[in-house]
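Summary of structural features
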Amino acid sequence: MGWWQLNTDTLAGSRFVVSPLAEATASLLTLAAGAAAHPAGKEWLAAHAPAYRERLDPITASLVRAALGQEWLADFCTPPPTGDQRTFAEELDQIRRTPPEVARADVAVSMRGSLPAELDRSDLPERIADLLEWVWTRTVLPHWPRRRRIIEADVVSRTSQLGQGGWAAALEDLRPGLRWLGEGRLQINARNYPPREISGARLLFVPVTPGHAWVAWDEPHTYAVIYPCSGVLAEPDRPPVPESLGRLLGAARAGVLVLLGTPKSTTQLVALTGQGLGSVGRHLSVLLDAHLVRRRRAGRSVLYYRTEAGDVLVRAQGEG
């Protein structure tokens, strides 16, 4: 199995961060694979796949297959975030600045040591950067506010798990093959890769909404784990709101109550409902006063959940 060895300072200093470039890269991987797991992903793919196929010329198509269609993604295509709040253009510049010889070597590694003849050229970084810019502008940016809310909600959820159960709980189900082994060891995958010593480096965890996962690094400074948001947040379909409950409480407030069958933060509720933070806060205040929900602190966040009375009300209206 592949794992990273790190000291307590590296783990304590690790962070969850948002990366527009990682979101665009995950979206490109979905387009290149031609498949998506969730209904919203399938709808998105159907809407953008034809234009993506038209956008590809033969050289770029070959580059995508060689650099992003293999077990090992070409390193220059997936630089890690810096941990700062960078724009997409600033992140993309990391790829554009890749020396051509480095890009060719990275593609050869992805292809197990064999660089396709048609890719023995100097414009590989520019081609990938241009394609990612197209993916971002045409397919991600129009949906970015909602995607970002989902990503931020996942971060809140993971942070809550960290406060309750430590890193073993926070990393549970983060991505297939990843888990905390103890004794400073973070298993990255189940493949037979040699361990990496990353003590002293910056360790970042980067959620994305498409169902793709990978690791990235800028040795020896930064290591990143990119993982898909938890399914409950990425899934577009919300629990149905009984019509009678909507008439009783108002559709928006009833929707919040239905979602609180499991504890959620205000950030998660904003992401799932599409309502503003102020509106969600007002609904929660009314539901708290009516003793239909309670709240408790989990780490730095506050989680809301239905009381027994709230459960009874939701069930009764659903059965009615």
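Residues numbered from 1 in each chain as written. Predicted model: local features only at pLDDT ≥ 70, side-chain atom pairs only at ≥ 80, totals over all residues. Heavy atoms only, no water.

Its place among the elements puts Asn189 in strand S4 (residues 185-189). Its relative accessible area of 9% is what places Asn189 among the buried residues. A distance of 3.1 Å separates a polar side-chain atom of Asn189 from the backbone nitrogen of Arg191. (Helix = DSSP H or I, 4+ residues; strand = E, 2+ residues; numbered from the N terminus. Buried < 20%, exposed > 50% of the residue type's maximum accessible area, 1.4 Å probe, protein only. Polar contact = N/O pair within 3.5 Å; in protein donor to acceptor, adjacent residues only side chain to side chain.)

Pairing in this open sheet of 4 strands is mixed, and the strands run S2-S6-S8-S7 from one edge to the other. Of all the strands in the sheet, just strand S2 (15-16) and strand S7 (214-218) have a single pairing partner and so form its edges. Pairing analysis gives 5 bridges linking S7 to strand S8 (residues 222-228), with the strands arranged antiparallel. Residue pairing for S8: Trp214 is matched across the bridge by Ile226. (Pairing = 2+ DSSP bridges.)

With their axes 9 Å apart at the nearest point, helix H2 (residues 20-33) and helix H7 (residues 124-140) run at an angle of 90° to one another. Compared by their axis directions, H2 and H7 come out roughly perpendicular. Side by side, H2 and H7 meet where Pro20, Leu21, Glu23, Ala24, Thr25, Ser27, Leu28 and Leu31 of the first sit next to Leu131, Leu132, Val135, Trp136 and Val140 of the second. Its residues assigned to classes, the contact of H2 with H7 comprises 10 nonpolar, 2 polar and 1 charged. (Axes fitted to C-alpha atoms, helices over the stretch in contact; angles between N-to-C directions. Parallel < 35°, antiparallel > 145°, perpendicular 65-115°, else oblique. Contact = heavy atoms within 4.5 Å. Nonpolar A, V, L, I, M, F, W, Y, C, P; charged D, E, K, R; others polar.)

We now examine the sheet that holds S4. Sheet architecture is open: 4 strands sit in the order S3-S4-S1-S5, paired in mixed fashion. The open sheet has two edge strands with one neighbour each: strand S3 (179-182) and strand S5 (196-197).

A word on the environment of Glu152. Note that Glu152 resides in helix H8 (residues 144-170). Classification of Glu152 by relative accessible area gives partly exposed; the value is 31%. When neighbours within four sequence positions are excluded, Glu152 is seen to be in contact with Val18 and Thr267.

Moving on, we come to the environment of Glu126. Structurally, Glu126 is set in helix H7. The exposure class assigned to Glu126 is partly exposed, which follows from its relative accessible area of 35%. Sequence-wise, Glu126 and Thr98 are 28 residues apart; in three dimensions their C-alpha atoms are separated by 8.8 Å. Among the polar contacts listed, one links the side chain of Glu126 to the side chain of Arg96, at a separation of 2.5 Å.

Moving on: the nonpolar core. Leu68, Phe76, Ile95, Val107, Ile128, Leu132 and Trp214 are the most contacted members of the largest nonpolar core, which totals 50 residues. For this core, the element with the most residues is H7, which contributes 9 residues. Residues within four places of Leu132 in sequence aside, it is in contact with Leu21, Ala24, Thr25, Leu28, Cys77, Phe88, Leu92 and Ile95. Trp4, Leu6, Leu186 and Leu203 belong to the second-largest nonpolar core, a separate cluster that totals 20 residues. (Core = buried A, V, L, I, M, F, W, Y, C linked by side-chain atoms within 4.5 Å.)

As a further point, take the packing of aromatic side chains. According to the stated counting rule, one finds 9 aromatic pairs in the structure shown. Look at Phe16 and Phe205: their rings are 5.4 Å apart centre to centre, the planes differ by 35°, and that puts the pair in the tilted class. Within this pair, whereas Phe16 is found in strand S2, its partner Phe205 is found in strand S6 (residues 202-208), the two being separated by 189 residues in sequence. For the pair Phe16 and Phe205, one class covers both residues: buried. Judged by centre distance (6.4 Å) and plane angle (85°), the rings of Phe16 and Tyr227 are edge-to-face. Linking Phe16 in strand S2 with Tyr227 in strand S8, this pair joins segments that are 211 residues apart in sequence. Assessed through its relative accessible area of 0%, Tyr227 is described here as buried. Ring pairs connect the aromatic residues Trp4, Trp72, Tyr193, Trp217 and Tyr223, which therefore count as one cluster. We note Arg147 situated over the ring of Trp44; from NZ or CZ to the ring centre the distance is 5.4 Å. (Phe/Tyr/Trp six-rings, centres within 6.5 Å; stacked < 30°, edge-to-face > 60°. Lys NZ or Arg CZ within 6 Å of the ring centre and 35° of its normal.)

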